[in-house]
Amino acid sequence: MVRRNLSKLALALTVVLMASCSEDDAMDNPDMGGDTNSTSIYITDAPVDQANVQAVFITVSDVMVNGESIEGFNTTTIELSSLTAGKTELLGQLNLDAGSTNDITLKLADTDAAGNAPGNYVMLDGNIKDELGGAMEIKLSDSAEIMSEVENELVLDFDLRKSIVQNGDDYSFVSESMLESNIRAVNTANAGMLSGTVDNSTEADAELVIAYVYPKGSFSDSEEEMNSEGVLFANAASSAVVSSEGDFEIHYLDEGDYELHFASYKDEDADGMLEFNSMIGAETSGALDLNGFTVDAETETEITISFTGLLGL
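First things first, this report covers the structure right here in the doc. (Residues numbered from 1 in each chain as written. Predicted model: local features only at pLDDT ≥ 70, side-chain atom pairs only at ≥ 80, totals over all residues. Heavy atoms only, no water.)

## Considering the environment of Asp-110
Mapped onto the elements of the fold, Asp-110 is located in the loop between β8 (104–108) and β9 (121–124). Asp-110 sits in the partly exposed class, given a relative accessible area of 42%. Spatially, the C-alpha atom of Asp-110 lies 9.9 Å from that of Leu-132, the residues being 22 residues apart in sequence. Sequence-distant contacts of Asp-110, that is, excluding residues within four places in its chain, are made with Ala-117, Pro-118, Gly-119, Gly-134 and Ala-135. (Helix = DSSP H or I, 4+ residues; strand = E, 2+ residues; numbered from the N terminus. Buried < 20%, exposed > 50% of the residue type's maximum accessible area, 1.4 Å probe, protein only. Contact = heavy atoms within 4.5 Å.)

This is the structure:
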């Protein structure tokens, strides 16, 4: 199998959030129309797994939902790489009409909260800042359901695995249009969690193993190829790094049916770049089918997995 280089940053950033779209608007569902409710807005992301990358920061200057900004919001610099394993940072609260959001916008600043440039950057060894991009207004392609008579928690996932690429020693955001499609939104009342344990992870013979979750029936071999912006597995709903102990967690999955796939990576030429090696065969010890299982809202789905070998080698 031909190996393709991908930076450890791009590979190990596991973002952890799925879109939760309501198919019914307020007119179709009278129980959702005409009511407003307090909605807390959070942001989340995943860890960095690269020797020379200490952290990833973005600076948010405004958050708007349905055209309304969070009242009293102050420009905030956020260490996204610290928001792992379901951790979030509260951005603020809004009173929103029940129904589906029709506009979510994140505004990024070109300076940090203290007024120093850059505002969005990767922190490298030696406290060196490598700018990812300047000021921009990101209009999410995603939407989420706001419900009446519950405390809504809207989580935004800045999916760095699919939103940052490395070119040589430089890091940058992908295109603005891809950012808009990569940042996802979900109401936690509609989301579940997937937790897994691989009981023989050493069988992967890999420096890094990543679990990719896809909506059921949507995975194809073409996902193993980089897209036009240099991202592998670009259509995965979410992903997680499998720890050295064999554990992984994928949070904020929209309720629905999914399939799970595993990939191995190595840095065989010691150039600091991980190479996609192979997909990994896997099976479960229970009744759950890796090619089709259900995640329910506000529920943790647990799965125990055994690797059966590398595929295609």
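## With respect to unusual backbone geometry
In this structure, the amide linkage connecting Ala-117 to the following residue, Pro-118, adopts the cis form with an omega of 0°. Along the chain, Pro-118 turns up in the loop between β8 and β9. In the Ramachandran plot, Asn-66 falls in the positive-phi region, its phi being about 55° despite a non-glycine side chain. Tracing the backbone shows Asn-66 in the loop between β3 (53–65) and β4 (68–69). Asn-66 sits in the partly exposed class, given a relative accessible area of 30%.

## Notes on the sheet that holds strand β6 (residues 88–97)
With mixed pairing, 4 strands are arranged side by side in an open sheet as β6-β2-β13-β16. Each end of this open sheet is capped by a strand with a single partner; those strands are β6 and β16 (184–187). Strand after strand, the sheet turns through a mean of 25° between neighbouring axes, direction not considered. (Pairing = 2+ DSSP bridges. Axes fitted to C-alpha atoms, helices over the stretch in contact; angles between N-to-C directions.)

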